[in-house]
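# Summary of structural features
As a plain string of letters, each chain reads:
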There are 2 protein chains.
Amino acid sequence: MTRIIFMGFGNVGFHLCSALHKIDHVSVNQIYSRNSITLASELKSIPTTHKLSEIEDADVYIIAIPDDAIAHFSETLPFKNKLVVHTSGSVAMNALSEKNRRGVFYPLQTFSKNRNVSFKEIPFCLETENASDLAILKSLASTLSETVVEINSEERAKLHLAAVFVNNFVNHIYSISHDYLLDNNISFDLLKPLIAETAAKIQSLPPSEVQTGPAKRNDKNTIEKHLHLLEDGPYSQLYKELTKAIVEKYKTETEDDTRKEL
Amino acid sequence: MTRIIFMGFGNVGFHLCSALHKIDHVSVNQIYSRNSITLASELKSIPTTHKLSEIEDADVYIIAIPDDAIAHFSETLPFKNKLVVHTSGSVAMNALSEKNRRGVFYPLQTFSKNRNVSFKEIPFCLETENASDLAILKSLASTLSETVVEINSEERAKLHLAAVFVNNFVNHIYSISHDYLLDNNISFDLLKPLIAETAAKIQSLPPSEVQTGPAKRNDKNTIEKHLHLLEDGPYSQLYKELTKAIVEKYKTETEDDTRKEL
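Chain A is annotated in an unreviewed UniProt entry as Putative short-subunit dehydrogenase-like oxidoreductase (DUF2520 family) from Ulvibacter antarcticus.

Printed below as a string of structure tokens:
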């Protein structure tokens, strides 16, 4: 039985705790949270505490708090030589206090309060100071997920940056389209199949192979029409930047290869 | 029986023709293409021609050629008073020659050569000069899809612009992440579940409700780390633009509401 204590209970903490709580050979023994929390019915049996001094003994301590609070919080822990891991993509392992055995247990996914996720498909990126601790994290992660990789802090920072592009930036682009259509009384629902297909395509094909559109074709006429529609509004600069980048990337391709496309 | 002739046979033409060819009350009578084309086995029975003079009589002529060629091509057609439609998101209906009855039959999706698409989920955006022609297009579209809407040229131009954001621009952002990870010997596969979930989330929730990340939190420390990783490379300007836009959009939200997130 691996005894786990969660410290912090935001979106990552909640989803990870719920998933680990269901596993037979894992026992979530306690949740520490500075703020008062209400546990969902399936987690009600887990004791909670607001006090660092009340944190119990465990095999793995999982810190799931905001990135910029991790380093200081790990210093305040009232124990040492324990396996203490954080769940962050962007924080280095050695940001954790060296008084404990350090590790990282990073589920590469976006978590929202009211949305279930299937952990089976979520890549777990692991890092530890000691090989024996890696085995502990691997055992936990591989019970949850089919994809478990060992990745050091430097690689993880790069992976997290790439994740910011495909999640945060992409979602903001969805937002722009949403708001633009709303302003023009056109239903955003019409774009949903396109959004789904755009994401589905790159599951099997490299993104550069499925790029289409006026910028790829360097179709100046359509680009001009779009800039006219955007006038000097909030999205025209971004349209120009992205169009320029796409034109640059594909400009060496023969124009014969152009196909009628979106 | 609705008799159809395709003019142009790129990705849109191929997929649309294949879908319509399967319908009982539709007959694809001919394909006109300037270039020589090889028909897939299931379409082999359809006669093809390179010559405008050989185009036969039909109920609907579907022009599926590059946007900038549509206007001129429609002028060269050797017949009049027929229902002639194009399939473009960005070209106005009245770009078609007025010697025929004009219309638009726009499937809002991205099509690739080697990828099957399910037409059932694809929104068809229709426009015609005459109400009776609209009925013909509606009958065709609703046999293929569950979503058929009437949209005028002005609205369609805006919808197409929004589609460029969520498809072309989003796919380019996938490309950036792909190339960045490749340069750093990190597998792009690790991002695929995140990409899928990011697109899945907005099928049920507005994008602004699921926005996360350092820019939304205005987490200057993480943003600085990312800019340091990107140095002055090809992606730093875009990172700055998008980050600035997200910071601006969410800056009025209370900081208390910040949750630990990607």
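## Comments concerning the overall build of chain A
Within chain A, the secondary structure is distributed over eight helices and eight strands. For chain A, whose C-alpha radius of gyration is 23 Å, the value lies well above the compact-globule estimate of 18 Å for 262 residues. When the backbone C-alpha atoms are referred to their principal axes, chain A occupies close to 65 × 40 × 35 Å. When the 262 residues of chain A are sorted by exposure, 58% land in the buried category.

## Focus: the sheet that holds strand β7 (residues 124–128) of chain A
Residue and element names in this part refer to chain A. Read across the open sheet, the eight strands follow the order β3-β2-β1-β4-β5-β6-β7-β8; overall the sheet is mixed. Bordering the open sheet on either side are β3 (48–49) and β8 (148–150), each of which pairs with just one other strand. Where strand β4 (residues 60–63) and strand β5 (residues 83–86) come together, four bridges link them in parallel fashion. Paired with isoleucine 62 across the two strands is valine 85, which belongs to β5.

## Considering the relation of the copies chain B and chain A
Copy one and copy two of the chain differ by a rotation about a common axis and a shift along it. Between the two copies, chain B and chain A, the superposition gives an RMSD of 0.0 Å; the rotation angle is 180° and the shift along the axis is 0.0 Å. As the rotation angle and translation indicate, the two copies are arranged about a two-fold axis. The C-alpha atom lying nearest the rotation axis in chain B is that of B:Val170; the distance is 2.9 Å. Comparing interface residues between copies, 100% of those in chain B also sit at the interface in chain A, which points to an isologous, same-surface contact.

## Focus: the packing of helix α7 (residues 220–230) of chain A against helix α4 (residues 153–183) of chain B
It is at 10 Å that the axes of α7(A) and α4(B) come closest, and there the two elements cross at 105°. Classed by the angle they form, the pair α7(A) and α4(B) counts as roughly perpendicular. Contacts between α7(A) and α4(B) involve A:Thr222, A:His226, A:Leu229 and A:Leu230 on the former and, on the latter, B:Ala157, B:Lys158, B:His160, B:Leu161, B:Val164 and B:Phe165. Partitioning the contact of α7(A) with α4(B) into residue classes produces six nonpolar, three polar and one charged.

## Quick look at the packing of helix α4 (residues 153–183) of chain A against helix α8 (residues 236–250) of chain B
Interhelical geometry of α4(A) versus α8(B) gives an angle of 55° and a closest axis separation of 11 Å. Relative to α8(B), α4(A) is oriented oblique. Taken as a pair, α4(A) and α8(B) cross one another with a handedness that is left-handed. Between α4(A), through A:Leu161, A:Val164, A:Phe165, A:Asn168, A:Phe169, A:His172, A:Ile173, A:Ser175 and A:Asp179, and α8(B), the contact on the second element is made entirely by B:Leu238, B:Tyr239, B:Leu242, B:Thr243, B:Ala245, B:Ile246, B:Lys249 and B:Tyr250. Looking at side-chain class alone, the contact of α4(A) with α8(B) contains eleven nonpolar, four polar and two charged residues.

## So, the interface of chain B and chain A
Size of an interface, as often reported, equals the accessible area lost when the parts are brought together. The interface of chain B with chain A comprises 98 residues on the first partner and 99 residues on the second. If you look at where chain B meets chain A, you find five salt bridges. A salt bridge links B:Lys249 to A:Asp179; the nearest nitrogen and oxygen atoms lie 2.7 Å apart. At the level of elements, α1 (11–21), α4, α5 (192–201), α6 (214–217), α7 (220–230) and α8 of chain B are the ones that each hand at least two residues to the side of chain B that touches chain A.

## Quick notes on the sheet that holds strand β6 (residues 101–107) of chain B
Residue and element names in this part refer to chain B. Pairing in this open sheet of eight strands is mixed, and the strands run β3-β2-β1-β4-β5-β6-β7-β8 from one edge to the other. Every other strand in the sheet has two partners, leaving β3 (48–49) and β8 (148–150) as the edge strands with one partner each. Summarising the sheet, strand β5 (residues 83–86) and β6 pair through four bridges and their orientation is parallel. When the sheet's bridge partners are listed, histidine 86 is paired in β6 with valine 104. In this fold helix α2 (residues 67–76) packs onto β1 (2–7), β2 (26–32), β4 (60–63) and β5, with an angle of close to 145° to the strand it touches most, β4.

## Some remarks on unusual backbone geometry
Not every positive phi belongs to a glycine, and A:Asn81 is a case in point at roughly 60°. Within the element layout of this structure, A:Asn81 appears in the loop between α2 (67–76) and β5.

## Some remarks on the environment of B:Ile46
All names here are of chain B. Relative to the elements of secondary structure, isoleucine 46 occurs in the loop between β2 and β3. The spatial distance from the C-alpha of isoleucine 46 to the C-alpha of isoleucine 5 is 9.8 Å, given a sequence separation of 41 residues. Among all residues touching isoleucine 46, those that are not within four sequence positions of it are Cys17, His21, Val28, Asn29, Gln30, Ile31 and Leu39.

About the criteria used
Residues numbered from 1 in each chain as written. Chains lettered and ligands numbered in written order. Predicted model: local features only at pLDDT ≥ 70, side-chain atom pairs only at ≥ 80, totals over all residues. Heavy atoms only, no water. Helix = DSSP H or I, 4+ residues; strand = E, 2+ residues; numbered from the N terminus. Rg over C-alpha atoms; globule rule 2.2 N^0.38 Å. Buried < 20%, exposed > 50% of the residue type's maximum accessible area, 1.4 Å probe, protein only. Pairing = 2+ DSSP bridges. Least-squares fit on C-alpha atoms with pLDDT ≥ 70 in both. Contact = heavy atoms within 4.5 Å. Axes fitted to C-alpha atoms, helices over the stretch in contact; angles between N-to-C directions. Parallel < 35°, antiparallel > 145°, perpendicular 65-115°, else oblique. Nonpolar A, V, L, I, M, F, W, Y, C, P; charged D, E, K, R; others polar. Left-handed = near helix turned anticlockwise from the far one by under 90°. Salt bridge = Lys/Arg side-chain N within 4 Å of Asp/Glu carboxyl O.

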